[in-house]
Every structure is written in C-alpha cells, then in structure tokens.
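Coordinates in review
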Amino acid sequence: LASSSPLRTLADVAANAVCADCGDGSAAPTWAVMPHGALVCIQCSGIHRSLGTHISKVRSISLDSWTPEMAALMAALGNDVANAVLE
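First, a word on what this report is: a plain description of the structure on this page. The structure presented is a predicted model; accordingly, all values stated were derived computationally and were not measured.

Description of the packing of aromatic side chains
What describes a pair of aromatic rings is the distance from one ring centre to the other and the angle between the planes of the rings. In total, this model carries zero aromatic pairs according to the counting rule given. Sitting over the ring of W66, R59 keeps its end group 5.6 Å from the ring centre.

Looking at the sheet that holds strand β3 (residues 57–60)
Read from one edge of the open sheet, three strands run β2-β1-β3, paired in antiparallel fashion. Every interior strand has two partners, whereas the edge strands, β2 (38–40) and β3, have only one. Strand after strand, the sheet turns through a mean of 35 degrees between neighbouring axes, direction not considered. The sheet contact formed by strand β1 (residues 31–34) and β2 spans three bridges and is antiparallel. If you follow V33 over to β2, its bridge partner there is A38. The strands touched by helix α2 (residues 42–51) within the sheet are β1, β2 and β3, with β1 carrying the most contacts at an inclination of about 30 degrees. Lying over the sheet, helix α3 (residues 68–76) contacts β1, β2 and β3, oriented at roughly 95 degrees with respect to β1.

Quick notes on the rules
Residues numbered from 1 in each chain as written. Predicted model: local features only at pLDDT ≥ 70, side-chain atom pairs only at ≥ 80, totals over all residues. Heavy atoms only, no water. Phe/Tyr/Trp six-rings, centres within 6.5 Å; stacked < 30°, edge-to-face > 60°. Lys NZ or Arg CZ within 6 Å of the ring centre and 35° of its normal. Pairing = 2+ DSSP bridges. Helix = DSSP H or I, 4+ residues; strand = E, 2+ residues; numbered from the N terminus. Axes fitted to C-alpha atoms, helices over the stretch in contact; angles between N-to-C directions. Contact = heavy atoms within 4.5 Å.

Just distances and angles here, no functional claims.
Here you go:
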C-alpha cells in the first residue's frame, strides 16, 4: 500500500494507532473490520473472522484489494467513531 493511499493515511491517525478491540498498541493495527470501520490487531482480526462473515468481515489494509467506496467508509469512520457507537 502506498504511503499516500487513504488507508495508509487512516492507519497514521493517532486514534487508530491501537487496536479498536483490545487496545494493544505494541504493533500498529493493520486489519480493518467492515462495516464498522475500525482497525484491529492480527489477534483480534482472527476473532472477528471466527464470528463469520454474516457478522464481521475483516480485510487487510495492505494485502487485500479495496474499492474506492470501502476506502471512503474507512476514512469516514475509524476507531474513535466505531468505539463510540459500539461501546
């Protein structure tokens, strides 16, 4: 993912520097939970995957392909908004 991409920019936002689920900040979260728009760590992404795609869809911000609409959703949300709604 190029450093100028919207998803990389989203990952650089301070609120997104820690996992939206567990709060771990030891490594930057690189997995996105759709449609919540939150960034999570690899461990929490596995938990979301195990819930099934009818509940939670997980995509890598660097390995998966993204449509412009999906990137716009992520840019509009992020960890602050997702946690405010879901907590």
